[in-house]
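Here is how the chains run, residue by residue.
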Amino acid sequence: FPPAVFPLSCVVQNYSWGKVGLESEVAKLVASGDPLVQIQPDQPYAELWMGAHPRGDALIRDNRIPQKTLGQWIADNPACLGAKVKDAFQGHLPFLFKVLSVNTALSVQAHPNKELAAKLHAQFPEHYPDANHKPEMAIALTPFEGMCGFRPVEEIVSFLQNVPELRALIGEVAAEQLERSGSDDPRGVSAALRVCFTRLMKSEKKFFVDQLNMLVKRISQEAAEGKDTSGSNGELLLRLHSQYPGDIGCFTIYFLNLVRLEPGEAMFLGANEPHAYLHGDCVEVMACSDNTVRAGLTPKFIDVLTLCEMLNYTPAPSSSKILPAAQSQLDPHVYLYDPPVPDFTVMRIEIPASIKLYLISAMDSASILLVIQGTAVGTSTAAASEMSLRRGSVLFVSANESISLHLSSPEGMLLFRACCLL
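- By the naming in an unreviewed UniProt entry, the chain is Mannose-6-phosphate isomerase, taken from Calcarius ornatus.
- A UniProt comment under Sequence similarities (unreviewed entry) is attached to the chain, and it reads "Belongs to the mannose-6-phosphate isomerase type 1 family."
- Word for word, the UniProt comment on the chain under Function (unreviewed entry) is "Isomerase that catalyzes the interconversion of fructose-6-P and mannose-6-P and has a critical role in the supply of D-mannose derivatives required for many eukaryotic glycosylation reactions."

Here it is in structure tokens:
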């Protein structure tokens with residue numbers, strides 16, 4: 001039998017928004033996992049891709065295995081996915097597991113549902129490379145902030161009344177329509193919200209740049225005078241404007257919730273949910289897709305019409321975006337993040353220092369295991385030899401295989417495991 005549990009060497013993406021050098025959690029994990037890697041102090045280390053995505057297929061670190069990459073190995077050994085997963089996802093690993101280190105904001109974006117993805121891919125394959133949906137979930141490793149979903153209407157109305165530059169862009173008619181929409185008519189609220197947001201995103205470039213400059217000047221003066229600018233969301237506005245001057249995305253802070261996650265807290269982003277990560281480090285898992293519809297805070301291709309058409313215009317408080325982890329009934333060291341989609345689930349495994357032998361249990365799904373802290377020697381009947389695990393180690397675990405961890409660190413261990421629980 002070829003080994004069915006093996007270490008991976010994963011692809012780093014150096015996108016410009018990433019944290020730089022050893023400021024980046026991605027860089028720290030890579031450096032710790034492979035001491036031979038040289039971290040460039042002025043290079044951004046934005047994402048670590050743990051999976052079989054064609055643009056970032058992980059290399060197999062086991063010279064007894066003829067296949068070079070995880071994608072090739074799964075293609076040759078599809079049973080490793082587990083029977084149900086293999087059938088449901090046509091022999092492909094259904095998720096991509098990542099670590100993100102965010103220094104400056106990512107674009108305001110949303111991911112299409114399956115129906116829209118198929119349509120966009122057929123019409124514009126150069127911008128929408130596949131026909132899959134892309135729900136995603138982020139779990140904070142350090143304090144993490146992002147924008148996600150539309151704010152409760154009363155918060156948006158309050159900004160419309162406190163930020164005249166915003167009101168000017170949206171126009172009096174649309175602003176009043178939102179102000180008059182009542183909570184007893186959710187469809188009316190969503191319709192009014194759609195009109196307001198679309199008016200904003202489609203405003204004339206010269207007009208919105210003028211309004212943005214006026215707003216930034218006003219907030220800067222108020223801040224310099226020591227005034228409270230929270231009624232205009234001043235601090236976030238100035239931060240985003242310094243990162244993306246003159247970008248329409250700066251105004252989205254008045255529509256979207258600001259979500260702050262403490263380490264271990266998660267947020268789930270369903271299809272058509274507008275979002276933008278702002279700062280911090282997280283592990284992220286998503287359905288295997290590259291479909292992203294962007295509309296601001298980015299130099300990339302933007303598709304405002306599609307975005308405004310597709311969004312979910314249901315207002316909700318930021319607290320509703322946080323997905324709680326449930327402690328496993330079977331193992332008190334395991335916390336489950338189980339989102340409302342079949343494509344992926346993540347387990348956080350916390351092993352206290354008092355435990356010296358721990359079993360990573362078998363399940364009917366392939367999984368990817370990431371070590372965030374602690375050291376251990378891993379043994380498995382399905383691995384060719386023992387594996388030394390430390391911070392930054394990544395393992396592929398075939399379905400129905402288990403691993404015994406012999407812990408050797410005084411501080412216990414923290415691991416994340418991505419899988420598919422059908």
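### Topic: unusual backbone geometry
And step 1. In this structure, N233 takes a positive phi of about 50 degrees despite not being glycine.
And step 2. Relative to the helices and strands, N233 resides in the loop between α9 (205-224) and α10 (234-243).

### Side note on the packing of α9 against α10
And step 1. For the pair α9 and α10, interaxial distance at closest approach is 10 Å and the crossing angle is 125 degrees. By the angle between their directions, the pair α9 and α10 is classed as oblique. Between α9 and α10 lies a crossing whose hand is left-handed. The segment α9 lies against α10, with L212, N213, L215, V216, I219 and S220 engaging G234, L237, L238 and H241.
And step 2. For the contact of α9 with α10, the class distribution of residues is 6 nonpolar, 4 polar and no charged.

### So, the nonpolar core
And step 1. If you look at the biggest cluster of nonpolar residues, it comprises 71 residues, and the most contacted ones within it are F97, M137, F396, L405 and F416.
And step 2. With residues near it in sequence (within four places) discarded, F416 still touches F97, I139, L141, V283, Y337, V346, M347, R348, I368, L369, L370 and I372.

### Quick word on the packing of aromatic side chains
And step 1. This structure, assessed with the given rule, holds 11 aromatic pairs.
And step 2. Considering the side-chain rings of F197 and Y313, the 6.4 Å spacing of their centres and the 65 degrees angle between planes classify their relative orientation as edge-to-face. Linking F197 in helix α8 (residues 186-201) with Y313 in the loop between α11 (304-310) and β17 (322-323), this pair joins segments that are 116 residues apart in sequence. Each of the two residues, F197 as well as Y313, counts as buried.
And step 3. Feature note: the residues F150, F197, F255 and Y313 constitute an aromatic cluster, connected by ring pairs.
And step 4. If you follow K300 out to its NZ or CZ, it ends over the ring of Y15, 5.7 Å from the centre.
And step 5. Its end group placed over the ring of Y335, R348 keeps NZ or CZ at 4.4 Å from the ring centre.

### With respect to the sheet that holds strand β23 (residues 376-379)
And step 1. If you trace the 4 strands from one edge of the open sheet to the other, you get β21-β26-β23-β24, paired in antiparallel fashion. Each edge of the open sheet carries a strand with a single partner, namely β21 (357-360) and β24 (387-389). For this sheet the average axis-to-axis angle between neighbouring strands, irrespective of direction, equals 30 degrees.
And step 2. As paired elements, β23 and strand β26 (residues 403-407) share 4 bridges and run antiparallel to each other. Bridge pairing in β26 links A376 to L407.

Rules used throughout
- Residues numbered from 1 in each chain as written.
- Predicted model: local features only at pLDDT ≥ 70, side-chain atom pairs only at ≥ 80, totals over all residues.
- Heavy atoms only, no water.
- UniProt positions renumbered as here; feature names shortened; annotations may be inferred.
- Helix = DSSP H or I, 4+ residues; strand = E, 2+ residues; numbered from the N terminus.
- Axes fitted to C-alpha atoms, helices over the stretch in contact; angles between N-to-C directions.
- Parallel < 35°, antiparallel > 145°, perpendicular 65-115°, else oblique.
- Left-handed = near helix turned anticlockwise from the far one by under 90°.
- Contact = heavy atoms within 4.5 Å.
- Nonpolar A, V, L, I, M, F, W, Y, C, P; charged D, E, K, R; others polar.
- Core = buried A, V, L, I, M, F, W, Y, C linked by side-chain atoms within 4.5 Å.
- Buried < 20%, exposed > 50% of the residue type's maximum accessible area, 1.4 Å probe, protein only.
- Phe/Tyr/Trp six-rings, centres within 6.5 Å; stacked < 30°, edge-to-face > 60°.
- Lys NZ or Arg CZ within 6 Å of the ring centre and 35° of its normal.
- Pairing = 2+ DSSP bridges.

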